[in-house]
Amino acid sequence: MRTFDWSKVDAMTDAEIIAAAKADPDSALPTDEELAEFDLVIPAKSRRKPPKEAAE
């Protein structure tokens, strides 16, 4: 199994990450207009309440 070295990403600034994404031919950054059309959907799994024994 391959692992990813997140320390390289953690060392990058937001501007460097955005520049890398823009330079990636496989990346598709949405425009502000496209983002405005999106609806936030929270997965059902994260909306579930934890079991009572986990809360104790």
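A quick note: this is a predicted structure, and the numbers were derived from the prediction, not measured.

Caption draft 1: Layout of the overall build of the protein chain. Across its full length, the protein chain carries five helices and zero strands. Each helix (α) and strand (β) of the protein chain, taken in turn from the N terminus, gives the series α-α-α-α-α. Sorting the 56 residues of the protein chain into buried and exposed places 0% on the buried side. Split by element, the accessible area of the protein chain, about 5900 Å² in all, is 57% carbon and sulfur.

Caption draft 2: Region of interest: a negative patch on the surface. Together, Asp 32, Glu 33, Glu 34 and Glu 37 make up a region of like negative charge exposed at the surface. Position of Glu 33 among the secondary structure elements: in helix 3 (residues 32-37).

Caption draft 3: Looking closely at the confidence of the model for the protein chain. Averaged over all residues, the pLDDT of the protein chain equals 85, while 80% of them reach at least 70. Across the protein chain, element-level confidence peaks in helix 3 with a mean pLDDT of 94 and bottoms out in helix 5 (residues 52-55) with 62.

Caption draft 4: Fine view of the environment of Met 12. Relative to the assigned elements, Met 12 resides in the loop between helix 1 (6-10) and helix 2 (14-23). What Met 12 contacts, discounting residues up to four positions off in sequence, is Ile 17 and Ala 20.

Basis of the calculations
- The residue numbering used here restarts from 1 in each chain and proceeds along that chain's sequence as written.
- Only residues with pLDDT of 70 or above have their local features reported here, since the model is predicted, and side-chain atom pairs are shown and tallied only from 80 upward, although totals for entire chains, interfaces and linings are computed over all residues.
- Hydrogens are left out, water is left out, and the side-chain values use all remaining heavy atoms of the structure.
- The numbering of helices and of strands both runs from the N terminus, where a helix is a DSSP run of H or I of at least 4 residues and a strand a run of E of at least 2.
- Relative accessibility under 20% of the residue-type maximum defines a buried residue, over 50% an exposed one, and the middle range a partly exposed one, all with a 1.4 Å probe and only protein chains included.
- In this description, accessible areas are obtained by the Shrake-Rupley approach with a 1.4 Å probe, and a residue is regarded as covered only by the protein chains that are shown.
- Excluding any residue in a salt bridge, patches collect residues exceeding 30% relative accessible area, merging like charges within 9 Å and nonpolar Val, Leu, Ile, Met, Phe, Trp and Tyr side chains within 5 Å.
- Put simply, a salt bridge is a Lys or Arg side-chain nitrogen that is within 4 Å of an Asp or Glu carboxyl oxygen.
- Under the convention used here, Asp and Glu are negative, Lys and Arg are positive, and both His and the chain ends fall outside the count.
- Positions of charges follow a simple convention, taking NZ of Lys, CZ of Arg, CG of Asp or CD of Glu.
- Confidence scores labelled pLDDT are given residue by residue by the predictor and lie between 0 and 100.
- Any pair of residues with heavy atoms lying within 4.5 Å of one another is described as a contacting pair.

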